[in-house]
Amino acid sequence: MKRRASLYLMLVLPMLYFIVFAYLPMGGIVVAFKDYNIFGGIWDSPWVGLKHFKEAFAAKEFQTAIKNTIILNLGELFINFPFPIVLAIFLNEMTHERMKKTTQTILYLPHFLSMVVVAGIVYQVFGSSGIVNNVLGAFDIGPVNFVGDPKKWRAIYWGTGIWMGAGYGMIVYLAAMAGINVELYDAAYIDGAGRWKRIWHVTLPQIRPTIVTMTIMNVGKILSIGFERPYLMGNVLVQDVSSVISTYVYSVGLQAGRYDFATAIGLFQSVVALIMVLAANWTARKLGEEGIM
Amino acid sequence: MKKHFSRMCALAMAAVLLLTGCSSKTDQKETTTAAATTSAAAGTETTTAQADTSAAAKPEKIVDINVMVYDRGDEYSAGNSLTDNELTRWINEQMEPQGVHVNFVPVPRSGADNQVNLMLAAGTAPDIIRTYDRQRVATYGSQGGLVDLTPYMDQLDPAYLSENQDAIGFTQFDGKQYALPGVYAYHGKGHDAYIRQDLIEKMGMKMPTTREELIEVLYAMKENYPDITPMGFSGKITDGMYTNFLLSYVSRANERDNYIYEPTFTTVLKPGHKEGLKQLNQFVLDGIISPDYAVDTDNTKLNQDLANGKIGFVISNAGGMDAYSTVEDPDYRMVEVETLPNADGSYEVPSQDPLSHYVYVPKTAEDRIDAVVKYLAWLSNEENAMNVKYAVIGVGSDMVDGAPVMKQKQELIDMGMTYSSNDSNLLRANFAFEKDLLVRNYKAGKPDVPEDVAEDLIRIQYSNYYDKCLIPAALETDQYVPNLQSLICEFVLKVMAAPEGKFDEVYDKEYQILVENHLQDVLDERAAWYDANMK
Amino acid sequence: MNSVYDKKWSIYQVVMIIVCCLAIVITLIPILNIVATSFSGKNAIAKGIVGIFPVEFTTEAYEMVFKNSGIVRSLFYSIFLTVGYALLATFMTILAAYPLSKTDLKGRHVFQTIITVTMYVSAGTVPAYLLIKNLGLMNTVWALVIPGMISPFNLIILRTFFAGINKALYEAAYMDGCGEWGCLFRITIPLSLPSIFTIMLFYAISRWNGVTDVLYYVNKPDLYTLQYQLKLMLDSLTIPYKPEEMATMQITPENVKSSTIVFAMVPMLLIYPFVQKYFTKGVTIGGVKE
């Protein structure tokens, strides 16, 4: 019993933190239903019900933004999400220690570049006079308009995500693999398992909880999307696919200082996120996994 | 080496102290003691000021006020900072005899308005704030968050009031003085156009003076210089590159139209603009403008082309002037031109905003409004403003030929002076005498630009402009304007990119987007305002 | 450790090395371009001729940074802040992750739901700002430490790692009379060093590069972090408020901009190898580090 007590004792400070710094300010979400006057304060501003929600959902741009956000995020989930896992597994199997470490370190670097810089690089590399088109030109192909064609732009968007994030995302899985008991590998080896079998029967099952956890967390992000990447990588020619919720909120809400409107859309995103996460978590648990809640 | 080590240790210790004990020393500030340390540097003038402090003054009560100052991450010598340096100490020497102590509140230059917005919401905003965004002042004012300065106007410097009547009227919103203008003693064109004179001469043509001639020149450039893009353009969301060109298709004859269309970016939507867009679209189709312009979203390609001398004509981009130091061609000659008269036959273009910025006082400052107004009044005096801008004449600057010249940056740092002193000069953006120094200053920054090119450029930039007709009131539809501004830029950029024969189709589709985003509401409300107030 | 099995798979290794080399090249070239730009002259950058080697070599961007005494001071301060924050945040995260990794803890799902929700619901800037102000944290270093004390993302990851530890170890320890605190320090932490260092690294990175909280909660130059200080400097070069200023600007912000990216990367490059060390070591059931 004393053991239990000390477990709860450990939780006191962290839970206090979440209550004070995450839940206390959540009261401010009511501005989503108000006409917020920054001088009048949150409570004294008049109620307007669902006005902001109605405004957003009536706008064609917002519908496009939702659609684009979902498409880009689904791509992230199916294309970008597995990348770090594959990368980590392959690097883990590598015996050339120096090469392995160097690769890890270098692949992790793009995470530190700002989006402005990365967008600049993308336009330089894939522009009509960029390296890629020069190479294609040598084979008499192109020039291909990668950054101005909506379909190709999506591919570039996802590719950039991989380039920026795979090395960084890999760290979590490397850490998970470092925790695998060596004896499991020894046993598999003695049973005559080859490399692929060892990956399939030892490595993957051992890091599965991490993969499941990461998946659930990512599913919840289906409607949340960073502002900078689509905004800085976009241009007027691809707006029909690059305008997303965050860019919409920026141009209609934040740019004009309309916190109430921005909060309303944020609330909508939160609700969808929670539903998605609950569903993913429920599914995971039905499949016998731990889940995150 | 040892010394170095000990310095590192000291710094490390300082950091530890910061980490452990900073909450206890948040509000330390220097008040009157500062005067003693500065007297040596400030010379005779200060001695009198100091005498004032000790003898005449000791005002019964010194009121603290907080004034916003831009934080640009400037460098200061030990013991000095943005909020406590020779200039701030000098200002307080002047103000304390009047019973006012000025504290400076740093706000980062980039994102300043957002930061201030938060501070206003939390009630922690400084007492005197500056912004470049007229819309904010209008909104804050209509939300009841700003002090109406009307009753205090007579305390300001009479010269400031009489010289800037228009600007002061312009900072009234619905009859309330919600801000004071930071004004230019002189101002000039908001848009400028540059062309390669050397290429025109080599082709045996004359400098274009009308749009038709310009078009002829651009097509000739295309033919004779295949590696040069006749007209520079990019996909950056800004109104600069096209406004001048489109305005050559519209008229200013109707005052009502001016009030409806001239605020914000809507000028280019005046009747007649469609023809101009069609011409720009033709330019793109014919390769006068690079067909890849739209994907150059941050001007990278355009600026590189300019730096390499690969652009024939460009609007609102001075990169061609910087290129004097990068282009290898000895004949290179980029000059500013007036080549796009508007439909009324005038070369006049909209001026840069008549005001530099707006200075406002939030309601939270009401209990010390007298002290706040005292400081504003002090700043509105030309001599004081000049001293502030030039980091105290005789200290941070020297008189040369009757005009103050700032000392070198390093010298200012060493003496504990700020080198961004102009940021504290709130009410006067510049001074009339500076106008005579424009060519000299321009040459100092761009020494490779030939003298005559610089002279012409300054002459053209500071003539032939008009102030836009702006509405001195907060309108209901103002909230749609920021979004609409970007949408209008996007509209132009997209319509220009219309495929052969699809111009009308694309135009109608994109215009519809503007309408859906309240373009018509905005125009209608302005029309209604004009009909109600100006008839 | 795996190497004993893999001698015969040399083709696999060769292919892997080639793939790695390709990945390195694709990643490194743009980064070398940034480093080269930070050492290149204004004209060369303007003409767009800088590749992976500096053109018109100059160190003016770095001189400008290092000459600024404020930046040198904030460098040391940022190191302390980052280390202090990373240690504190990691400790707090462990405190929460450990109990939540116990599948038999009553109320565990409630706690976890409370935590997960905060990952997807946020109050927005204004209420957060008001909270910091009302707690009196404004303009103190704590405003840069406490509000980001626990990242739910890191917490959930760490909890997953902790949950993977063999329960038999705990059972044995309980038998020996070991309490939960004892188990945490003697079993969980030693066995989870790779994951603990990983989240510590995540915390350090976020603190080192984070500027928004500095922007909002601190307006005392003494408390500026290095990245914030660099951002201020860069912004002042990029958006001069008067045309005249633009003319007198002697330096291309491009190389200063590039140098600030180098500043963001170098410290992380320095600490990564220490974390990486733990990635290659396996653990054995005895819980004794190899």
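Per chain, residues are indexed from 1 in the order of the written sequence. Chain labels run from A onward and ligand labels from 1 onward, assigned in the order the entries are written. It should be noted that, the model being predicted, local features are given only for residues of pLDDT at least 70 and side-chain atom pairs only at 80 or more, the latter also being counted only at that level, while totals for whole chains, interfaces and linings use all residues. Think of the side-chain values as coming from all heavy atoms in the structure, minus any hydrogens and water.

Draft legend 1. Fine view of the interface of chain B and chain A. Each partner contributes residues to the interface: chain B has 27 residues there, and chain A has 25 residues. Put simply, buried area is the surface a 1.4 Å probe can reach on two separate parts but cannot reach once they are joined, added for both. Interface area, chain B with chain A, both sides summed: about 2,300 Å², of which 51% is carbon and sulfur. Put simply, a salt bridge is a Lys or Arg side-chain nitrogen that is within 4 Å of an Asp or Glu carboxyl oxygen. When the shortest N-O distance is used, the salt bridge between A:K60 and B:E516 registers 3.0 Å. Here a polar contact is recorded for every N or O atom pair within 3.5 Å, except that within protein the pair must consist of a potential hydrogen donor and a potential acceptor, and residues adjacent in sequence are included only if both atoms are side-chain atoms. At the surface where chain B touches chain A, the tally comes to six residue pairs in polar contact (both at pLDDT 80 or more). At the level of secondary structure, the elements contributing two or more residues to the side of chain B that touches chain A comprise α5 (112-122), α6 (134-142), α21 (481-496) and α22 (503-516) of chain B. Counting from the N terminus, the helices are the DSSP runs of H or I reaching at least four residues and the strands are the DSSP runs of E reaching at least two. By residue number, the principal contributor to the side of chain B that touches chain A is α21(B), which donates six residues. The residue classification treats Ala, Val, Leu, Ile, Met, Phe, Trp, Tyr, Cys and Pro as nonpolar and Asp, Glu, Lys and Arg as charged. All others, Gly included, are polar. For the side of chain B that touches chain A, the per-class residue count stands at 11 nonpolar, nine polar and seven charged. Contacts are assigned to residue pairs that have any heavy atoms within 4.5 Å of one another.

Draft legend 2. Representation of helix α7 (residues 152-163) of chain C in the model. In this model α7(C) runs 16 Å from its N-terminal to its C-terminal C-alpha over 12 residues, within 8% of the 16 Å that 1.5 Å per residue would give. Those residues of α7(C) not exposed but buried are C:P152, C:N154, C:L155, C:I156, C:I157, C:L158, C:R159, C:T160, C:F161 and C:F162. A helix is expected to span 1.5 Å for every residue after the first. Exposed residues in this analysis have more than 50% of their type's maximum accessible area, buried residues have under 20%, and partly exposed residues fall in between, with area computed by a 1.4 Å probe over protein chains only.

Draft legend 3. Representation of a nonpolar patch on the surface within the structure. A contiguous nonpolar patch, built from A:L9, A:V12, C:F91, C:W181 and C:F185 and spanning about 490 Å² of accessible area, is present on the exposed surface. If you list the elements that add at least two residues to the nonpolar patch, you get α1 (2-23) of chain A together with α9 (180-191) of chain C. Tracing the backbone through its elements, the reader meets A:L9 in helix α1. Residues forming no salt bridge and having over 30% relative accessible area are the ones grouped into patches, like charges within 9 Å of each other and nonpolar side chains (Val, Leu, Ile, Met, Phe, Trp, Tyr) within 5 Å. Accessible surface is estimated by sampling points in the Shrake-Rupley manner with a 1.4 Å probe; for residues, cover comes only from the protein chains shown.

Draft legend 4. Representation of the domain arrangement of chain C. Residues and elements named next belong to chain C. Segmentation into domains, and thus their bounds, comes from an automatic or database assignment. Partitioning chain C into structural domains gives domain 1 (11-47) and domain 2 (67-284). Look at where the C-alpha atoms of domain 1 and domain 2 centre, and you get two points 28 Å apart. At the interface, eight residues of domain 1 touch 10 residues of domain 2. Here domain 1 packs against domain 2, burying approximately 710 Å² in sum over the two surfaces, 69% of which is carbon and sulfur. Applying the counting rule to domain 1 against domain 2 returns zero salt bridges. Counting across the interface, domain 1 meets domain 2 through one residue pair in polar contact (both at pLDDT 80 or more).

Draft legend 5. Examining the environment of B:P291 more closely. Residues and elements named next belong to chain B. Position of P291 relative to the elements: it lies in the loop between α13 (273-286) and α14 (300-307). Overall, the relative accessible area of 59% leaves P291 in the exposed class. Considered as a pair, P291 and N244 are 47 residues apart in the sequence and their alpha carbons are 20 Å apart.

Draft legend 6. The pairing of strand β12 (residues 355-360) of chain B, seen in detail. Residue and element names in this part refer to chain B. Where burial is concerned, most of β12 is hidden: six out of the six residues are buried. Direction of pairing for strand β6 (residues 180-183) relative to β12: antiparallel, over a ladder of four bridges. Directly across from V183, in β12, lies its bridge partner L355. In this scheme, strands are said to pair when DSSP sees at least two bridges between them.

Draft legend 7. Highlighting the nonpolar core. Residues grouped as a nonpolar core are buried Ala, Val, Leu, Ile, Met, Phe, Trp, Tyr and Cys residues, joined through side-chain atoms within 4.5 Å. In terms of nonpolar packing, the biggest core is built from 135 residues, with B:I91 and B:Y375 touching the most fellow members. Per element, the largest residue contribution to this core is 12 residues, and it comes from helix α4 (residues 69-100) of chain C. Setting aside anything within four residues of it in sequence, one finds B:Y375 in contact with B:I65, B:V67, B:I91, B:M95, B:V102, B:F104 and B:I128. Core analysis: the next-biggest nonpolar cluster, separate from the first, contains 96 residues, A:M214, A:V238, C:Y12 and C:V262 among them.

Draft legend 8. How the structure looks around unusual backbone geometry. Unlike most non-glycine residues, B:D401 shows phi in positive territory, near 50 degrees. Overall, B:D401 belongs to the exposed group, its relative accessible area being 78%. In this structure, C:E56 takes a positive phi of about 55 degrees despite not being glycine. Position of C:E56 relative to the elements: it lies in the loop between α2 (42-47) and α3 (60-67). A residue is classified by how much of its surface remains accessible, and C:E56, at 44% relative accessible area, is partly exposed.

Draft legend 9. Expanded view of the sheet that holds strand β8 (residues 229-231) of chain B. Residues and elements named next belong to chain B. The four strands are arranged β8-β9-β7-β10 in an open sheet whose pairing can be described as mixed. Every interior strand has two partners, whereas the edge strands, β8 and β10 (334-337), have only one. Direction aside, the axes of adjacent strands within the sheet are offset by 25 degrees on average. As paired strands, strand β7 (residues 193-196) and β10 are joined by four bridges and run antiparallel to one another. Helix axes use the C-alpha atoms of the stretch in contact, all axes being lines fitted to C-alpha atoms, and the angles between their N-to-C directions lie in the range 0 to 180 degrees.

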